[in-house]
Amino acid sequence: MSESFPRLYARTRRFTLGVPRGFTISPDGARVLFLRTESGTDPVTCLWELDTETHVERLVVDPRSLDSGDEDLPPEERARRERSREQAGGVVSYSTDADAATAVFALSGGLYVTDVAAGRTRRLEAAGPVIDPRVSPDGRRVAYVTGGALHVHDLATGDDRALATPESETVTYGLAEFIAAEEMSRMRGHWWSPSSDALLVERADEAPVQTWHIADPANPGRPAAPQRYPAAGTPNAVTELFVLGLDGSRVAVPYEHEYLATAAWDSHALSIVTLSRDQKTMRLFSVDPRTGKSTLVREDTDQAWVDIVPGVPAHLDDGSLVWVAVADGGHRLFVGDRPVTPPTLQVRAVLDVDHDSVLFSASGDPTEIQLWTWDGHSLLPVSTRSGVFSGRMAGGVGVLTEQSLDSEGVSTTVVRRDGMAVPIPSYAERPGLDLRVSLGRSGRRELATAVVLPSWHEPGSRRLPVLMDPYGGPHAQRALNRRGGYLESQWFAEQGFAVIVADGRGTPGRGPAFERAVLNDLATPALEDQIDALQGVAEQYPDDVDLEKVAIRGWSFGGFLAALAVLRRPDVFHAAVAGAPVTDWRLYDTCYTERYLGHPDEQPEIYDKSSLFGDAAKLERPLLLIHGLADDNVVAAHTLRLSSALLAAGRPHTVLPLSGVTHMTPQEVVAENLLLLQVDFLKKALHF
């Protein structure tokens, strides 16, 4: 390998470049559209097509041939990519008509349309920099947002008109507000009707949301950027829905709840899902698009919170509702009013509905994510090997992606109606690491845990310093059966550590009770479980881990957990690297924080219990705080305020500010050197 792992890791965007993604299957199953860069180090994403009969791939859109110049994104698109954690450029998203014959996308703020069969792409005249273009199901028009206004462009005539324009600078039409995109995984704010004659459109007004300012101290000549940020306990954006007809009609769709969780419009219903501010009540409505009147279809309640599940609501051909809800202690798939999966199978997402079949992902073992179908009569496993799977399904054709500890990278296969498997190759770079990962259970709670040892280590030859490497927070996992999740951990192991990756209470895959154990306390269960996993690994590997030299590192919630560990349990943890940590949950956003801790005005003692500020005087171990100063998700104030509290308490610590860096670290040099600096800090802190 000509490059060091840290440099290659940075250049390849964590080895995600060159991996096929963003699949669309034509209704007849004859073609599959997908996104992929042309190499594992090429950041420019192209649109491709696979003919499922001939197995021939075709490059449909290469952004470099469109003379779009250097990528210059409007601020709203940069924000969308930050919310979706998009690290590549080029055609990073697209939409198609119902036949997958016409595709539209935005590139450097321009609006482009592609005739897929002919392979012809042209730029359309738009009213301004384009955000989130979506083609109508009949392929005749494109809806997009510019300047907060929702426009519709007629592909035949070139006519471009605004269906809705913002009444003030705080209003947008057709875009998901910050909370929806960051915390509810809803990246869109407009939906075409199946008949292509109207759109359901979100109107968001950020006027009630407090304004923070994201400064750039490295460039004092630049003014601070204003950022509307709904911190816990403060007002959210006001969202409304309207059905906007192409004939100029405007019908309001009123709802009572604070949050619009999602919406869907198919041939059976215009559906909206709303969520109360405390997230204990979710309602699914069917809406009459002519009048805006809503009919309650179902209501789900939970004493802790109700989960937003991707892919629902949906409908079978006969109109039966497809839904996911908690019942009998499990996340279960419902068809109509009937649960069709056992409570021991934790449903993660509905991936597609193809006529009378439902494709969904689920976990029996929390370290695995498998694919299943419900065919109207029975459950059938789609994936048959151990690993982490995802997929799509349409026209009787499936696309399966597979990752596991036994194979490198992501494998993508198209499965035709006749059962023939057609691979879609990945161009991702090879990491060049010899993975030594043992995945199992540890501790009293039998936590899903991965132990990563150096490739050169002889078992029992000597005890290695330990590096705990968790995320450890709700709605995310690290201990999964896939090689790609351990590349960074393996590199740290090669530097002389025994690395432990453990998923404690609050993480998904083990059922609602396990996830809801963090209600009203994001600190104690998460920290206890990291210690439980550490002790369990020490019992399993008594001659390989040194409990006198234990460090912990993490980013975001993992950063919070790392700082928490050295502050509250210095007897166990001897050094920490905390990247972009949440240090006081009053500074984090409404939807995420209040889901677990409630409203800060109503439960201030709960917020104090999960804050790091009260523990500042306890610091007696080396702590490195890292934070991007341009972070608009976990703002730099988290680290700066903790640093001030530590200084006031006379506790030495180290702060590494990253100028111009957001919550992600896509900059190649920054990402590379962050790994090197962390290793250097940890080795010095642990004296080896």
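What comes next is a walk through the structure.

**Considerations on the overall build of the chain**
Next up, step 1: Helix and strand counts for the chain stand at 11 helices and 44 strands.
Next up, step 2: Against the 2.2 N^0.38 benchmark of 26 Å for 688 residues, the chain shows a C-alpha radius of gyration of 25 Å, consistent with a compact globule.
Next up, step 3: With respect to the principal axes defined by its C-alpha atoms, the chain has extents near 70 × 55 × 55 Å.
Next up, step 4: Out of the 688 residues belonging to the chain, those deemed buried represent 59%.
Next up, step 5: By sequence separation, contacts in the chain at least 24 residues apart represent 59% of the contacts at least 6 residues apart.
Next up, step 6: Summing over all exposed atoms, the chain offers an accessible surface of approximately 26600 Å²; the carbon and sulfur share of this is 49%.
Next up, step 7: Charge centroids of the chain, computed over 66 positive and 94 negative side chains, lie 3 Å from each other.

**Focus on the sheet that holds strand 9 (residues 120-124)**
Next up, step 1: With antiparallel pairing, 4 strands are arranged side by side in an open sheet as 6-7-8-9. Looking at the sheet topology across the chains shown, the edges are occupied by strand 6 (95-96) and strand 9.
Next up, step 2: Sheet topology note: the strand 7 (residues 102-107)/strand 8 (residues 110-115) ladder contains 6 bridges and is antiparallel. Bridge pairing in strand 8 links Ala103 to Thr114.

**Structural notes on the sheet that holds strand 22 (residues 270-275)**
One key point about sheets: their strands pair by backbone hydrogen bonds, in either a parallel or an antiparallel sense.
Next up, step 1: Strands sit in the order 21-22-23-24 across an open sheet of 4 strands; the sheet is antiparallel. In this open sheet, the two strands that pair with only one neighbour each are strand 21 (259-265) and strand 24 (294-301). Each strand axis lies, on average, 20 degrees off the axis of its neighbour in the sheet, ignoring direction.
Next up, step 2: Pairing between strand 22 and strand 23 (residues 281-287): 6 bridges, direction antiparallel.

**Details of empty space enclosed by the protein**
Next up, step 1: The full count for this structure, using the stated rule, is 2 cavities of 30 Å³ or more.
Next up, step 2: If you add up the space inside the largest cavity, you get close to 70 Å³.
Next up, step 3: If you go around the largest cavity, the residues you meet are Glu177, Phe178, Ile179, Glu206, Val209, Arg228, Pro230, Asn236, Ala237, Glu258 and Tyr259.
Next up, step 4: Residues of the lining of the largest cavity, tallied by class, amount to 6 nonpolar, 1 polar and 4 charged.
Next up, step 5: Roughly 40 Å³ of volume is contained in the second largest cavity.
Next up, step 6: The wall of the second largest cavity is formed by Pro366, Leu447, Ala448, Gln477, Asp503, Thr507, Pro508, Arg510 and Phe514.
Next up, step 7: Class assignment of the residues belonging to the lining of the second largest cavity gives a composition of 5 nonpolar, 2 polar and 2 charged.

**Some thoughts on helix 4 (residues 487-494)**
Next up, step 1: With 7 of 8 residues buried, helix 4 is to be regarded as a mostly interior element.
Next up, step 2: A positive phi of about 115 degrees marks Gly496, the residue just after helix 4.

**As for the environment of Arg188**
Next up, step 1: Topologically, Arg188 is positioned in the loop between helix 3 (178-183) and strand 15 (190-192).
Next up, step 2: Through-space distance from the C-alpha of Arg188 to that of Tyr255 is 18 Å; in sequence the pair is 67 residues apart.
Next up, step 3: Setting aside anything within four residues of it in sequence, one finds Arg188 in contact with Asp132, Arg134, Ala176 and Glu202.
Next up, step 4: A distance of 3.1 Å separates the side chain of Arg188 from the backbone oxygen of His190, its partner in a polar contact.

**So, the packing of aromatic side chains**
Next up, step 1: For the structure on display, the rule yields 21 aromatic pairs.
Next up, step 2: Summarising the aromatic geometry, the rings of Tyr9 and Phe15 are spaced 5.9 Å apart at their centres and angled 50 degrees between planes, so their arrangement reads as tilted.
Next up, step 3: A residue is classified by how much of its surface remains accessible, and Tyr9, at 11% relative accessible area, is buried.
Next up, step 4: With a centroid separation of 6.4 Å and 75 degrees between ring planes, the pair formed by Trp48 and Tyr427 is classed as edge-to-face. Of this pair, Trp48 sits in strand 3 (residues 44-51) while Tyr427 sits in the loop between strand 36 (421-424) and strand 37 (437-442), and the two are 379 residues apart along the sequence.
Next up, step 5: Through a chain of ring-to-ring contacts, three or more aromatic side chains come together here, namely Trp305, Tyr471, Phe557, Phe560, Trp585, Tyr588, Tyr592 and Tyr596.
Next up, step 6: Note that Arg298 overlies the ring of Phe334, its terminal NZ or CZ placed 5.2 Å from the centroid.

**A short note on the packing of helix 4 against helix 11 (residues 668-686)**
Next up, step 1: Between helix 4 and helix 11, the least distance of the axes is 11 Å, while the angle of their chain directions is 45 degrees. The angle between the axes of helix 4 and helix 11 places the two elements in the oblique class. Helix 11 is crossed by helix 4, and the crossing has right-handed handedness. In contact with Glu488, Trp491 and Phe492 of helix 4, helix 11 contributes Leu675, Leu676, Gln678, Val679 and Leu682.

**What to know about the environment of Asn520**
Next up, step 1: Following the sequence through the fold, Asn520 ends up in the loop between helix 5 (512-515) and helix 6 (524-540).
Next up, step 2: C-alpha separation for the pair Asn520 and Glu594, spaced 74 residues apart in sequence, amounts to 9.2 Å.
Next up, step 3: Not counting the four nearest positions on each side in its chain, Asn520 is found in contact with Tyr596, Leu597, Gln603 and Ile606.

**Focus: the pattern of salt bridges**
Next up, step 1: One pass over the structure, following the stated rule, counts 46 salt bridges.
Next up, step 2: Residue Arg332 is joined to Asp328 by a salt bridge in which the shortest nitrogen-to-oxygen separation is 2.7 Å.
Next up, step 3: The closest approach of N and O atoms between Arg445 and Asp532, which form a salt bridge, is 3.8 Å. A residue pair is termed long-range when its members are at least 10 positions apart, and Arg445 in the loop between strand 37 and strand 38 (447-452) and Asp532 in helix 6 qualify at 87 residues.
Next up, step 4: Accessibility expressed as a relative area gives 22% for Arg445, which makes it partly exposed.

Rules used throughout
Just so you know, the residues in each chain are numbered from 1, in the order the chain's sequence is written. Per-residue local features are limited, in this predicted model, to residues with pLDDT of at least 70; the limit for side-chain atom pairs, both in listing and counting, is 80 or more; totals at the level of whole chains, interfaces and linings are taken over all residues. The basis for the side-chain values is all heavy atoms of the structure; hydrogens and waters are excluded. To qualify as a helix, a DSSP run of H or I must reach at least 4 residues; to qualify as a strand, a run of E must reach at least 2; elements of each kind are numbered from the N terminus. Each radius of gyration is computed over the set of C-alpha atoms, and the globule rule expresses the reference value as 2.2 Å times the number of residues to the power 0.38. Between buried and exposed lies partly exposed: a residue is buried under 20% and exposed over 50% of the maximum accessible area for its type, with that area taken using a 1.4 Å probe on protein chains only. The criterion used for residue contact is that any of the two residues' heavy atoms lie within 4.5 Å. Note on areas: these come from Shrake-Rupley sampling with a 1.4 Å probe, and a residue is covered only by the protein chains present in the view. When charges are counted, neither His nor the chain ends are considered; positive counts come from Lys and Arg and negative counts from Asp and Glu. All charge positions are set by atom: Lys at NZ, Arg at CZ, Asp at CG, Glu at CD. Two strands qualify as a pair provided DSSP detects at least 2 bridges between them. A fitted line through C-alpha atoms represents every axis, and for helices the fit uses only the stretch in contact; the resulting angles, taken between N-to-C directions, go from 0 to 180 degrees. Cavity means a closed set of points on a 1 Å grid over the protein atoms alone, one where a 1.4 Å probe fits but cannot get out, pocket means an open set with protein on both sides within 12 Å along at least 5 of 7 lines, and lining means a residue has an atom within 4 Å of a point. Grid points are joined across faces, edges and corners, and a volume is the space filled by probe spheres set on the points. In this classification, the charged set is Asp, Glu, Lys and Arg, the nonpolar set is Ala, Val, Leu, Ile, Met, Phe, Trp, Tyr, Cys and Pro, and all remaining amino acids, among them Gly, are polar. Two N or O atoms count as a polar contact when they lie within 3.5 Å, although within protein this holds only if one can serve as hydrogen donor and the other as acceptor, and sequence-adjacent residues are included solely when both atoms are side-chain atoms. Between rings of Phe, Tyr and Trp, where Trp is taken as its six-membered ring, a pair exists when centres lie within 6.5 Å; planes separated by under 30 degrees are stacked, by over 60 edge-to-face, and by other angles tilted. The criterion is that NZ of a Lys, or CZ of an Arg, lies within 6 Å of the ring centre and within 35 degrees of the ring normal, and then a charge sits over that ring. In this scheme, roughly parallel covers angles under 35 degrees and roughly antiparallel covers those over 145, while 65 to 115 is roughly perpendicular and the rest are oblique. Left-handed describes a crossing in which the near helix is turned anticlockwise from the far one by less than a right angle; the clockwise case is right-handed. The term salt bridge refers to a side-chain nitrogen of Lys or Arg lying within 4 Å of a carboxyl oxygen of Asp or Glu.

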